[in-house]
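Chain and residue survey
Single-letter residue listing:
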Amino acid sequence: MTELVGRGRELAEAETRLSGVRAGSGTVVLVEGEAGAGKTAFANALTRRARAAGHATAWGSCLEVEPGAPFRPWLQILHAIRAPATGLDEPADASVTRYRRFDAVVEALRDRATGDGLLLVLDDLHAADLGSLRLLQHVASEAADLPLMLLALFRDGQAGTDRHEVLSAVGRERGAHRIRLGALAAGDVTELATRAAAGPLDAATLRAIGERSGGNPLFVVELARLAGTGERLPRGIRATIGRRLDALPADTRLLLRRASVHGREFDAATLAATVRLTRDETVTRLGPALDAALDAALDAALDAGVLVADGPVLRFDHVLTQEVLYAELGPAERQELHARAAAAVADGPIETVAHHLRQGGEAEALTVTLRAAERARGRLAYEDAAYQYRAALGLLPRADDGTRARLLLDLAGCEFRAGAVDAAWRCCQEAADLGRAAGDAAVLADAATVLRGVTDSSVTPRIHALCRAALPLLGDTEPVRRARVLAQLVVTADPFGPGPEATYGGEPDVGRRALQQAEACGDPDAVFLALQARGTELTGAGHVLERLSLGERAVRLGREVGRPEYAAWGHLWRLGAFAELGRRVPFDTELAEFAGAVDQLREPLWTWRLTLVRASVAFSEGRLALAAELMAEGQARGRRAGHEGAEFFHLIYADALAQLTGEGYEPVERAVRAFTEQGPFLSRAWHVNVLTHMGRIDEVRAMWPSLVPHLGAFPRHAREWVVAMSGMTDVCVALGDRETGAWVYTQLLTFADRQVIADPLGPGLGPVALRLGRLARLLGDAEAAGEHLRVALATSLARGFAPATGHVHLELARAALDQGDRAAAREHLDAAGDLARRLGLATLQAAVEAVAERAAEVVAEVVVTPPAGPLTPREGQIAALVAEGLSNRQIAERLYLSVRTVENHVAHILVKLGFESRARIASWHTERAHGEGTR
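Residues numbered from 1 in each chain as written. Predicted model: local features only at pLDDT ≥ 70, side-chain atom pairs only at ≥ 80, totals over all residues. Heavy atoms only, no water.

As annotated in an unreviewed UniProt entry, the protein chain is AAA family ATPase from Microbispora hainanensis.

This is how it looks when you write it as structure tokens:
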């Protein structure tokens, strides 16, 4: 049966997508349906059409009974297309990350997807190992730019599973498309049943087939095959398959039951070995005739269509057939068959051997399962390793708590590297409980240090508490563990809390002590964690030079021990320090080094970090369209990497962009309000700052008194301190709060030469000197204001920070007006306005025009005030200057308005007076001024 029934629309959809591949528009098509919906038949039909159109094709399938070897479907595909080696099936050393291997797969596909393009089919993904699904997600993220189509087939019922989460993420990728294979329509059921039946079917039988099958194609076919027997039609699909199997010879059915322990696929030699090793009366009865009996049984199954041959591989026609046969085995028979199957496949994939040993209850099951776990971990297939470790834990005697704790920590490490932070932490907690009960300080310490770099998470304070519990139990005989736990204590400390020393005997500089101990013991991992801890202690703006040094040490350590991740962290710390110092040239050099380290790592989380650093640069330079594009890309990459902080950083950028453009502030305000209501009390200062920029001053005035008494409690060691204090500058100026402004001024004065930025991943908000200049103006210190603002202008210009330059010019214009220097004010307003128009800084443009309006009032005495009439006072001023013969630009300069604003006023005057020329306006004004008429 070569023609697909009832799937014409879906097949046309898929063909349309496939046709775009030839033009280089890659796509991912997710095909979902219940068991028996015809997903594989659908893929076969599309494959035939693809080949006819000149596309190369390849298939990879998953084992539906038990997860097989890691990356099995991808290895099948790579073998089929004769791709170059990717290392996917080999152990990796410490310098290799699995995303580098994933990238190697993408490059192999790119190399083979030439000519008319490539169609790749991934079948039965509901049974895939999670590592294969993560690789699918990685390939899918690049697929839109490759001349290939990924056809991913999976069964319904994945909701709430890890597989569903990954497949949903794949469906959100650019170029992804979903096709659902639902129930067949009544006419299609009739057509399919008629084709499948051995003879003609009457209307009543066809109706019964439609009702009982529910439109499921496999069920329709099975019922139609039985319809001519005269027996009552069964109601379930499994019962229907069982009835078809009843027609097979007894020895054939017995053989197929034994084959079912191998899953959907097996080969004749493996089956023969399994049967020979089975001690029962059938084997004894057949004796020397066993081989001939096996061949005859397999031939009968192939003739009946229950088995399908694919070279040496035999496959059940559908997984439901295998499931029905497997269900016919009793518990004791299953156990024996699995034990014999383990012996038959002893030289095969270790994951398969471990599975059969577990199901067979064999003594060596635990040892082989642990070997399978270690092999998967060595291949960076962390999800598969976690599966094997969980299976090993299920085999372990309950009394062996020491081994259980160690296996839990191994499992936690794999879960964490697979991105399952919560699952990893649950394993750590369970291991820690066992360690406490046994008084095993090493287990407690290791449980506290499995999860690395987990900050701003609900898990963070619990890791911190476990570090506190572990430290008193660790003696001087465990220097490496002690150094790691001390470092973790610092890294996980609450940035708004009292600091780690408050939880460790009041001792300051815990990170320094951890670093000393780590360097003394020489363990690279402990040294790096201690460097990270020391950097956390020195996050405050007063330690920027020390952080530069720590970054350099991390880079050097990474190079010495072949750990590119250490080097990447070191470059990131140095980028943050250079950004705070405003040192543009070394920043750019460091960014190039960082990009190289990220390229070596090829991990989504690091790519996300690099994307945000580049967004920060674009933002600071005023390339707002690029910044917004990188911001969105960063959000997508962060989500793909499963990083909790991705949405938070996106919100920070959205707020910063809204400050410059005046757009999108309503959703930003709602999100910031929701965040601050759940965060520390002092985080509400962010909400107040947002409301200030939105002009909602009444709300700010109502909230401000509750915040002011606590501003001094904002921890100076927090990386957000400078940003928070700078934000308070805007509030003080808006409210005219000189008392609080004076306090903020003294706090910021120490950092007058710094830039306002909390993290190299976040937006830079310009020089601290700009905020000091604004505060000095508020306090009436014109000399200090001028000095701060001149410094701010010089640093912003030197670093190419255009938006900051525009805002400094605006503030200098205000300061010049304070001193009555209208020429200087005009010059700075022109510079600010030019930047605002060129970069699309709408809020700066509005502020420039507002200052110009106020400046115009200062010079209003030079403008002849027109007599009362139909014009507004401002229009009257414009009309008077038109009468003087001034151009629009000259009027704009006189009144500190933009040219466009003057043009609008002139247009309004013409409409109101019914005139068509400026000359008529001049004549009208002159006559009104001398009392010589009204027109």
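Having seen it, we continue.
1. Section: the pattern of salt bridges
Summed over all chains, the structure comprises 60 salt bridges. Across the pair E383 and R98 runs a salt bridge, and its minimum N-O distance is 2.7 Å. With E383 in helix 19 (residues 382-395) and R98 in helix 4 (residues 98-112), this pair connects stretches of sequence that are 285 residues apart. The buried category is assigned to E383, whose relative accessible area is 7%. Put simply, R257 and E328 hold a salt bridge, and the shortest N to O gap is 3.3 Å. (Salt bridge = Lys/Arg side-chain N within 4 Å of Asp/Glu carboxyl O. Helix = DSSP H or I, 4+ residues; strand = E, 2+ residues; numbered from the N terminus. Buried < 20%, exposed > 50% of the residue type's maximum accessible area, 1.4 Å probe, protein only.)

2. Brief notes about helix 15 (residues 319-327)
Taking burial as the measure, the nine residues of helix 15 include seven buried ones, the bulk of the element. Along helix 15, the residues that are buried comprise V319, L320, T321, Q322, V324, L325 and Y326. Lining the buried residues of helix 15 we find strand 4 (148-155), helix 9 (217-227), helix 10 (237-245), helix 11 (250-259), strand 8 (313-316) and helix 16 (331-344). (Contact = heavy atoms within 4.5 Å.)

3. Overview of helix 30 (residues 604-621)
Across its 18 residues, helix 30 extends 26 Å between first and last C-alpha, which sits within 8% of the 26 Å expected from 1.5 Å per residue. Counting buried positions along helix 30 yields 15 of 18 residues, so the element is predominantly enclosed. G622, located one to two residues past helix 30, shows a positive phi value of around 85 degrees. (Expected span 1.5 Å × (residues − 1).)

4. Looking at the packing of helix 31 (residues 624-641) against helix 32 (residues 646-661)
The N-to-C vectors of helix 31 and helix 32 enclose an angle of 165 degrees; their axes lie 9 Å apart at closest approach. Classed by the angle they form, the pair helix 31 and helix 32 counts as roughly antiparallel. Regarding helix 31 and helix 32, the two cross each other, and that crossing is left-handed. On the side of helix 31, the interface is formed by L624, A628, M631, Q635, G638 and R639, while helix 32 contributes A646, E647, H650, Y653, A654, L657, L660 and T661. Broken down by class, the residue content of the contact of helix 31 with helix 32 amounts to eight nonpolar, four polar and two charged. (Axes fitted to C-alpha atoms, helices over the stretch in contact; angles between N-to-C directions. Parallel < 35°, antiparallel > 145°, perpendicular 65-115°, else oblique. Left-handed = near helix turned anticlockwise from the far one by under 90°. Nonpolar A, V, L, I, M, F, W, Y, C, P; charged D, E, K, R; others polar.)

5. Overview of the environment of A259
With respect to the helices and strands, the residue A259 is situated in helix 11. Look at A259 and you get buried, because its relative accessible area is 0%. In this structure, the C-alpha to C-alpha distance between A259 and R315, residues 56 residues apart in sequence, is 10.0 Å.

6. Side note on unusual backbone geometry
Of note in this structure, R82 is not a glycine but carries a positive phi near 55 degrees. Mapping R82 onto the fold places it in the loop between helix 3 (72-80) and helix 4. Judged by its relative accessible area of 68%, R82 is exposed. With a phi angle near 65 degrees, L380 is a residue other than glycine that sits in the positive phi range. Looking at the element boundaries, L380 is found in the loop between helix 18 (365-378) and helix 19.

7. Observations concerning the packing of aromatic side chains
How two aromatic rings sit relative to each other is given by the distance of their centres and the angle of their planes. Across all of its chains, the model carries 14 aromatic pairs by this definition. Plain terms: the ring middles of F528 and W573 are 6.0 Å apart, the flat faces sit at 5 degrees to each other, and that makes the pair stacked. Here the residue F528 occupies a position in helix 26 (residues 524-537), and W573 occupies one in helix 28 (residues 564-581), the gap between them amounting to 45 residues. The burial state of F528 is the same as that of W573; both residues are buried. (Phe/Tyr/Trp six-rings, centres within 6.5 Å; stacked < 30°, edge-to-face > 60°.)

8. Remarks on the packing of helix 43 (residues 873-883) against helix 44 (residues 888-895)
Their axes nearest at 10 Å, the elements helix 43 and helix 44 cross at an angle of 125 degrees. For the element pair helix 43 / helix 44, the angle class is oblique. As helix 43 packs across helix 44, the resulting crossing turns out to be right-handed. Judged by residue contacts, R874, Q877, I878, L881 and V882 of helix 43 engage I891, R894 and L895 from helix 44. Looking at the contact of helix 43 with helix 44, its residues break down into five nonpolar, one polar and two charged.

9. Structural notes on the nonpolar core
Of all hydrophobic cores here, the largest spans 159 residues; its most connected members are W74, L125, L136, L150, L451 and F594. Ranked by residue count, the leading element in this core is helix 28, at 10 residues. Sequence-distant contacts of F594, defined by excluding residues within four places in its chain, comprise A568, H571, L572, L575, W606, R609, L610 and V613. Among the nonpolar cores identified, the runner-up in size contains 39 residues, and V5, V220, L255 and A272 belong to it. (Core = buried A, V, L, I, M, F, W, Y, C linked by side-chain atoms within 4.5 Å.)

10. Quick word on the pairing of strand 3 (residues 118-123)
The buried fraction of strand 3 amounts to six of the six residues, a majority that puts the element mostly inside the structure. Covered by surrounding structure in strand 3 are L118, L120 and L122 together with L119, V121 and D123, the residues of both alternating faces. As judged from the six bridges shared by strand 2 (residues 56-61) and strand 3, these two strands associate in the parallel manner. In the sheet register, A56 faces strand 3, and the bridge partner there is L118. With five bridges connecting them, strand 3 and strand 4 associate as parallel partners. Counterpart to L118 in the pairing with strand 4 is L148. Crossover handedness for the path strand 3 to helix 5 (residues 130-143) to strand 4: right-handed. (Pairing = 2+ DSSP bridges. Right-handed = clockwise from strand over helix to strand, strands pointing away.)

11. A look at the pairing of strand 8
A one-sided burial pattern is seen for strand 8, the buried positions being L314 and F316 and the unburied ones V313 and R315. Of the pairings in the sheet, the one linking strand 6 (residues 265-267) to strand 8 comprises three bridges and is antiparallel in character. Of the residues in strand 8, the one forming a bridge with E265 is R315. Note: strand 7 (residues 307-310) against strand 8, four bridges, orientation antiparallel.

12. Topic: the confidence of the model for the protein chain
Mean pLDDT over the protein chain works out to 87, with 93% of the residues at or above the 70 mark. Mean pLDDT values over the elements of the protein chain span from 60, in helix 13 (residues 281-286), up to 96, in helix 38 (residues 768-778). Here residues 860-868 is modelled with pLDDT under 50, and outside its nearest four sequence neighbours on either side it reaches 15 contacts, counting other chains as well. (pLDDT = per-residue confidence, 0-100.)

13. Brief notes about the sheet that holds strand 4
Spatial ordering of the open sheet is given by 2-3-4-1-5, a layout of five strands whose pairing is parallel. Edge positions in the open sheet fall to strand 2 and strand 5 (176-180), since each of these has one partner strand only. Between one strand axis and the next, the sheet turns through 15 degrees on average, direction left out of account. Along the sheet face, helix 1 (residues 8-21) touches strand 1 (27-33), strand 3, strand 4 and strand 5 and points at about 160 degrees away from the line of strand 5. Strands in contact with helix 5 are strand 1, strand 3 and strand 4; relative to strand 4, the strand with the most contacts, it is inclined by about 140 degrees.

14. Side note on the sheet that holds strand 8
One open sheet accounts for three strands, arranged 6-8-7; its pairing is antiparallel. The sheet is open, and its two borders are formed by strand 6 and strand 7, each paired with just one other strand. Strand-to-strand twist across the sheet, computed as the mean angle between neighbouring axes with direction ignored, equals 35 degrees. Sitting on the sheet, helix 14 (residues 290-303) is in contact with strand 7 and strand 8, with an inclination near 100 degrees to strand 7.

15. Structural notes on the environment of A144
Tracing the backbone shows A144 in the loop between helix 5 and strand 4. Its relative accessible area of 13% is what places A144 among the buried residues. Sequence separation of A144 and E173 is 29 residues, and the distance between their C-alpha atoms is 8.6 Å. Contact partners of A144, with chain neighbours within four places excluded, come to G24, S25, G26 and R174.

16. Re the side chain of D730
Mapped onto the fold, D730 is located in helix 36 (residues 721-735). Taking the relative accessible area as the measure of exposure, D730 reaches 14% and is therefore buried. Side-chain polar atoms of D730 contact the side chain of R774, separated by 2.8 Å. Look past the residues within four positions of D730 in its chain and what remains in contact with it is N689, T692, H693 and R774. (Polar contact = N/O pair within 3.5 Å; in protein donor to acceptor, adjacent residues only side chain to side chain.)

17. Examining the side chain of H571
You can see H571 is positioned in helix 28. With relative accessibility at 4%, the residue H571 sits in the buried group. Polar side-chain contacts of H571 include one of 2.6 Å to the side chain of E590. Once residues lying within four places of it in the same chain are set aside, the contact partners of H571 are V555, R559, E590, E593, F594 and A597.

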